[in-house]
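# Descriptive analysis of the structure
Spelled out from the first residue to the last, the chains are:
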Amino acid sequence: MDSVLIPEGVSRCSAKKFFLWTLPWILILIWGAVSAVLCLWKALNQTNMSNIFAFALWIVFDLGLIALGAGAFFTGFLTYIIGKKELKDIINAAVIIGFICYSGAMAILGIDIGQPLRGWFIFWHANIHSMLVEVSFCITCYLMILTIEFLPIILENNKLEEIKPARLFGKNLHSIMAIFAATGTFLSFFHQGSLGGMFGVMYARPFAARGGFYIWPWTFFLFILSAIATGPCFTILIVRITEKLTKKKLVPDRAIQFLAKLSGILLSIYIVLKITDTVSWICTEAHKAGLTFMDFYKEGPYGIWLPITEIGICGIIPAILLVVPKFRKDPKWLTIACILNCIGIVLNRFSFIIVTLAIPVLPFERFWSYLPTWQEWGIALASIAYGVLIFSLAYRYLPVFPKEKELNPIS
Amino acid sequence: MTPFSFEWQWDIGHIIFFGFLYLVLTIVGLGLSWAGLKTVLQLLGLMWERDLEEH
Amino acid sequence: MKHEHNKPLHRYGMVIDLDKCTGCGTCVVACASENNVSVRPDESDKKRFISWMQLYMITNGKEYPYTEVCYIPRPCMHCEEDGHGNPHPPCVSVCVATATRVDINTGIVSQIPTRCIGCRYCQAACPYHARYFNWWDAYFPKGKGLERYLSPEVSVRMRGVVEKCTFCHHRYMRAKRKAEAEGRRELKEEEYITACTEACPAGAITFGDLNNPKHKVSQLIKSDRAFRLLERLNTKPKVYYLSSKEWVRRMADNYLPEELKPVKPLALRR
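Residues numbered from 1 in each chain as written. Chains lettered and ligands numbered in written order. Predicted model: local features only at pLDDT ≥ 70, side-chain atom pairs only at ≥ 80, totals over all residues. Heavy atoms only, no water.

### A word on the packing of helix α2 (residues 57-68) of chain A against helix α15 (residues 374-397) of chain A
Residue and element names in this part refer to chain A. Under the convention used in this document: Interaxial angles span 0 to 180 degrees and are taken between N-to-C directions of axes, which are lines fitted to C-alpha atoms, for helices over the stretch in contact. Here a helix means four or more residues in a row that DSSP labels H or I, a strand means two or more in a row labelled E, and each is numbered from the N terminus. The labels follow the angle: roughly parallel below 35 degrees, roughly antiparallel above 145, roughly perpendicular from 65 to 115, and oblique for the rest. Take the far helix as your reference; a near helix turned counterclockwise from it by less than a right angle gives a left-handed crossing, and one turned clockwise gives a right-handed crossing. Any two residues having at least one pair of non-hydrogen atoms within 4.5 Å are treated as being in contact.
At their nearest, the axes of α2 and α15 sit 9 Å apart, and the two run at 15° to each other. In terms of orientation, α2 lies roughly parallel with respect to α15. Relative to α15, the crossing made by α2 is right-handed. Facing α2, whose interface residues are L57, W58, F61 and L65, α15 presents Q375, E376, W377, I379, A380, L381, S383 and I384.

Take a look at the structure:
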C-alpha cells in the first residue's frame, strides 16, 4: 500500500502490521491530547502540582528527555567536527532521537508554564541572570538546528527525492552540516550545563545549592558530563530496541562499540566527580545550612535508596560494564549497562527536581506528598508515544540506517 | 530583547548573552539561505552545473 | 536616590512580636482583602491556596501541662541576598521574564503578574514558601458582595501567574503621592504601614524603615529577642521576629546535632 514510500533495497513489514504497531501509541497520544486540552482550557489545577511541588513530573520528563537526547549533539560533534567516520552509520538515528527528545520536551514546557501565550516574554523581557533563560535560548535555537539536521534525512525519502528542488536543497543542507553541528555543540554544551546550573544556583535550597567556579555552580559541569556520558548510551539503547523489534542488524558493531567505550570513560569520570561533589556538598553547603546528609532522606518515599541507586547501581555498575571490554562486547551486558545508565541520569534529574522541593527547609513546615494526576501522566507519556511514532515512521520511510542494506541483503 | 528595547543595558552580560543569541540565529539563517540560494541557482542552471551532472 | 555604598536609601522591614501574637489570623484576612487575594469555594486545600500572609502554629512538642504554643505569621521575607552573597533575593535572579524585582529605593521585592509567565522557578527557589501560584482563575463568590469590596488599587491576578506579599506597595505609592503633594521628600513613620500591621489587634506587627534609626523597627531588631527565619541560609530577610522563648527561636532554623546547645543567651527572660 505504502511501498512507494519505503526506501529501496530494504524489507519492511506490511502496512497493516505497521498500523497495528502504531495503534497503542496513537491511543496514548490521544490521551495526551485530551490532557493537554484540559490543562490549557481549565488551567493547571488539572495537575497535582502545588505551591510546594512547583516543578513536578513534567519537569522530570523534560530534564530526562533533554539529558537522554544529548546523544544527538555529541554524536554530531564526533562525526562532523572530530571526523569519526564509523559514526556516520548511527548519526541519523542519533539526530532523530535528539529531535524527538527536544521537541517533546518543548511541547511539555509549553503546557507546563502557567501562561503559555506569554512564552515569548522569555526572549523579549529576558533576565540574563537566570539560568532558565539561557536554557530557553539554547534549547529553542538547538531545536531549530535539530530540525535542520533532520530535514535532509526526510528529504531522502523515495518519493520526496523525486522532487528536484527538495532533493537539491537537502543535499546542499547536508553539505554544510558541520557548521550546524558546531553551532549545536556550542548550544548544547551551555544548555545542558545551565539545566544543572538552574538547581545549583538555588542557594536558599540546601539540597540543590552548590558552590562553583565563577558564575557556574558545580552542577553546571556535572550535568554536561552526565548528559554526554548517557546520551550515546540512550542512542545505543534505541538502536538495540529497533534491532530487536525488526530482527535485523542495523548498525555495525564498531560504531556501537566506539560510543559505548566513550560513554564508559565519560561515565567513570562523571561518577568520580559526582561522588566528590556529594561529599563536598555534605561538608560545606548542607553543613552550613545546619543539615546533615540523612536530613534530606528521611521524608516520605525519598529515602537513602535514591543516592544509592543513582550513584551505585545506576552509576558505578554501568561504568564498569562499559569500560571493561569483555562486558562491553557482550550484547546482553551492553544493553543492561545502557539501561542502568539511562535510569541513573533520570534518577539524578528526579532527585534535583523532586527531592529539592519535597524537603521542607523551614523546620516547622510539614512534609507534603505529591502524586501526578492522569492528566500529568497523559502528557508525560504522550512525549514517549510521540517519540515512538516519529521513530517508527522515520525507520519505515526514511533511510535512517545507511548500512541496513549491506547488513541485511534481500535474497 | 533588542538593543532598542527599554530594558536593554549596555553591560557585558547583555552583550555576551544576546550577542551569542543573535550570532546563532544569524548562522542558522545564513546557512538556510545559502542552501536555498544554491538550490535556486542550480535549478536555474546558473551555477554549480557540474554538481548537478553528478546526480 | 542611592547611597554611596550602593545601599538602598530605605529598607522597609517588619518586626513581628511572637510574644504578643495570639494567632487570631486578622493579619491574614486583612492582607487578603487589602490585596484582592482570590478565594476558593473550598479553602482547605493548603497546598494550593493563596495566603500572602501565612499563619503557622508551632508547639514545643511537650506533654500537658508543659505544652507551649506559638503562632508564626509569615509574609514574604523581602530577602536582601540570595544566600551566595549576591545583592538580591533568591527568587529575583531566577525569574526568566524579569517579572520580579527589588526596588533599589525601598528594598521591596515586587511581583509583576502581567509579566509573569508562570514557570514557577521562583517558587522553587524560595525556601519560605512565600510565593503562590494561581492554579485557578481568580474567583470571588457571586452574590455575596465580595466583588464589590475589591480594592481598586491592586489588580486582580489572572490564572497561571505567581503572586506574593508586596508589603502593600500601593500604600507606599499612596503615601508618597500625598507627601509629594505636601512638598515633602520623606515619609513619616506612620504614613506607610502595611494592612497586616494596621489590622493586628495585639499590636504585634511593627513596620518601618530599617535604615532610619528613628523608626521603631530599627530599634526593635537590636533586641536580644530578635531573630529571623532560616538565618543560616544567608538570605538576609527584612522580616524579623521577636520571641523570649528559646524553643521558638530554635525552631526558626536548622541545627546540626552537635549544635544542640543554647543558641544565644537571653537577657530578657519571662
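This is not the end of the story, as more comes after the structure.
### Some details on the interface of chain A and chain C
Our working rule: Put simply, buried area is the surface a 1.4 Å probe can reach on two separate parts but cannot reach once they are joined, added for both. Basic side-chain nitrogens of Lys or Arg form a salt bridge, by our definition, when they fall within 4 Å of a carboxyl oxygen of Asp or Glu.
The partner chain C presents 57 residues to the 51 residues of chain A that form the contact. Of the roughly 4,800 Å² buried between chain A and chain C, counting both surfaces, carbon and sulfur atoms make up 58%. Of all residues in chain A, the largest losses of buried area upon contact with chain C belong to N51, Y203 and F364 of chain A, amounting jointly to 17% of the total for that side. In this structure, the connection of chain A to chain C is made through 1 salt bridge. Of the charged contacts in the structure, one is a salt bridge between R120 of chain C and D112 of chain A, with a shortest N-O distance of 2.7 Å.

### Examining the environment of G110 of chain A
As for its placement among the helices and strands, G110 of chain A is situated in helix α4 (residues 91-112). On a C-alpha basis, the gap between G110 of chain A and S383 of chain A in space is 13 Å, while along the polypeptide they are 273 residues apart.

### Here we look at the interface of chain A and chain B
The criterion, for reference: Side-chain atoms alone can form a polar contact between residues adjacent in sequence; in general such a contact is a pair of N or O atoms within 3.5 Å, and within protein one must be able to donate a hydrogen while the other accepts it. Note on residue categories: nonpolar means Ala, Val, Leu, Ile, Met, Phe, Trp, Tyr, Cys or Pro, charged means Asp, Glu, Lys or Arg, and polar means any other residue, Gly included.
With 26 residues of chain A at the contact, the number on the chain B side is 26 residues. At the boundary of chain A with chain B, total buried surface from both sides reaches about 2,300 Å², with 80% on carbon and sulfur atoms. Applying the counting criterion to the chain A and chain B interface returns 0 salt bridges. The tally of links between chain A and chain B comes to 4 residue pairs in polar contact (both at pLDDT 80 or more). Breaking the side of chain A that touches chain B down by element, the ones donating at least two residues are α5 (121-124), α6 (131-155), α8 (164-175) and α9 (177-200) of chain A. Classifying every residue of the side of chain A that touches chain B gives 19 nonpolar, 4 polar and 3 charged.

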